[in-house]
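What follows is each chain in one-letter form.
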Amino acid sequence: MMIIETSRLVMRPPIEADFAAWATFDADDDATRFFGGPKNRAAAWDMFATVAGMWALRGCGLFSVFEKQSNIWVGRVGPWKPEGATAEIGWAILPAYWGRGFATEAAEGAIKWTVENLQWPEICHCIDAGNVASIAVAQRLGGKWLRSEADGSGKTVQVYGQTAQQWAQRPARQT
């Protein structure tokens, strides 16, 4: 199985054993505020299965992210390439782990993997305009505001990003 390791995190494609943590995330009001709100287990399963299908069909998708020290599932991060919408590197971390830099660290690992393995020419992040924490993550990653657009559900999002070349040439982030 493909595994990405950062200094504090381990990331891999999701497996069925990850679903309980995924469903807990999807039921959380704070975690899902910018992702359509809380979902019941059946709706969480639908999205979980969609992610597995993205891996099977497109060779990429969200990674399950684990804190290396505790092996606790802390979120999902990675390349997302939906039909009819902008391909992006997205992140969603459990609220108990906010403020620790996990979204930035995991996104860096996912971007590196995406550029090296998928050769995406542009790295984008589609973010709700009210999600100031995620906008800050995008900016820490070197992303600049590019445009507003409708996502796959018709919701207007702000697109931050940069070219893969700009990503490769960015100054190293201080941790």
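Starting from 1, residues in each chain are numbered consecutively following that chain's sequence as written. Totals for whole chains, interfaces and linings use all residues, but because this is a predicted model, local features are given only for residues with pLDDT of at least 70 and pairs of side-chain atoms are given and counted only at 80 or more. For side-chain calculations, the full set of non-hydrogen atoms in the structure is used, while hydrogens and water are omitted.

Q: Which residues make up the pairing of strand β2 (residues 9-12), and what are the values?
A: Strands are treated as partners if at least two bridges between them are detected by DSSP. Going along the chain from the N terminus, every DSSP run of H or I of four or more residues is numbered as a helix, and every run of E of two or more is numbered as a strand. As paired strands, strand β1 (residues 4-5) and β2 are joined by two bridges and run antiparallel to one another. Note on β2: the bridge partner recorded for Glu5 is Val10. Here β1 folds back onto β2, and the loop between the two strands holds three residues.

Q: Residue-level account of the pattern of salt bridges, with values.
A: Definition used for salt bridges: Asp or Glu carboxyl oxygen within 4 Å of a side-chain nitrogen of Lys or Arg. According to the stated counting rule, one finds nine salt bridges in the structure shown. Note that Glu67 is salt-bridged to Arg100, the shortest N-O span being 4.0 Å. Of this pair, Glu67 sits in strand β3 (residues 63-67) while Arg100 sits in the loop between β5 (88-93) and α3 (102-118), placing them 33 residues apart in sequence. Overall, Glu67 belongs to the buried group, its relative accessible area being 15%. Note that Asp128 is salt-bridged to Lys155, the shortest N-O span being 2.8 Å. Of this pair, Asp128 sits in the loop between β6 (122-127) and α4 (132-140) while Lys155 sits in the loop between β7 (144-150) and β8 (156-163), and the two are 27 residues apart along the sequence. On the accessibility criterion, Lys155 (30% relative accessible area) is partly exposed. Each residue is placed in one exposure class: buried if its accessible area under a 1.4 Å probe, protein chains only, is under 20% of its type's maximum, exposed if it is over 50%, and partly exposed if it falls in between.

Q: Give me the lowdown on the sheet that holds β8, citing residues and values where you can.
A: Ordered by their spatial adjacency, three strands build an open sheet running β6-β8-β7, and the pairing between neighbours is antiparallel. Bordering the open sheet on either side are β6 and β7, each of which pairs with just one other strand. For this sheet, the mean inter-axis angle between neighbouring strands, taken without regard to orientation, is 30°. As paired elements, β6 and β8 share six bridges and run antiparallel to each other. In the strand pairing of β8, His125 is matched with Tyr160. Running over the sheet, α4 touches β6 and β8 and is turned about 170° from β6. Geometry is summarised by axes, namely lines fitted to C-alpha atoms with helices restricted to the contacting stretch, and by angles between N-to-C directions that run from 0 to 180 degrees. In what follows, residue pairs with any heavy atoms lying within 4.5 Å of each other are defined as contacts.

Q: An account of the sheet that holds β5 is needed here, citing residue identities and associated values.
A: Two pairing modes exist for strands in a sheet, parallel and antiparallel, and in both the strands are linked by backbone hydrogen bonds. Read from one edge of the open sheet, five strands run β1-β2-β3-β4-β5, paired in antiparallel fashion. Edge positions in the sheet fall to β1 and β5, since each has one partner strand and no second. One ladder, built from five bridges, connects β3 with strand β4 (residues 72-80); its direction is antiparallel. Along β4, the bridge assignment pairs Glu67 with Ile72.

Q: An account of a nonpolar patch on the surface is needed here, citing residue identities and associated values.
A: A surface patch of nonpolar side chains, amounting to about 310 Å² of accessible area, comprises Met1, Ile3 and Ile15. Examined against the element boundaries, Ile3 turns out to sit in the segment before β1. Given a relative accessible area of 49%, Ile3 falls into the partly exposed group. Each patch is built from salt-bridge-free residues with over 30% relative accessible area, joining like charges within 9 Å and nonpolar side chains (Val, Leu, Ile, Met, Phe, Trp, Tyr) within 5 Å. Areas reported here follow the Shrake-Rupley algorithm with a probe of radius 1.4 Å; residue values treat only the protein chains shown as occluding.

Q: Which residues make up the side chain of Asp18, and what values go with them?
A: Within the fold, Asp18 resides in the loop between β2 and α1 (19-27). Exposure remark for Asp18: the relative accessible area of 4% places this residue in the buried category. In contact with Asp18, not counting residues within four places along its chain, are Arg12, Pro13, Phe48, Ser64, Phe66 and Trp73.

Q: Can you tell me about α4, naming the residues and giving the values?
A: Residues spaced three or four apart along an α-helix face the same direction, because each turn holds 3.6 residues. What α4 keeps buried is the set Ser134, Ile135, Val137 and Ala138. All buried residues of α4 project into a common sector of 155° when viewed along the axis, lining one side. Turned more than 90 degrees off the buried face of α4, the exposed positions are Val132 and Ala133. Against the buried residues of α4 lie β5, α3, β6 and β8. Gly142, located one to two residues past α4, shows a positive phi value of around 100°. What the arc covers is the set of directions going from the helix axis to the C-beta atoms.

Read these as layout, nothing more, since geometry by itself doesn't imply function.
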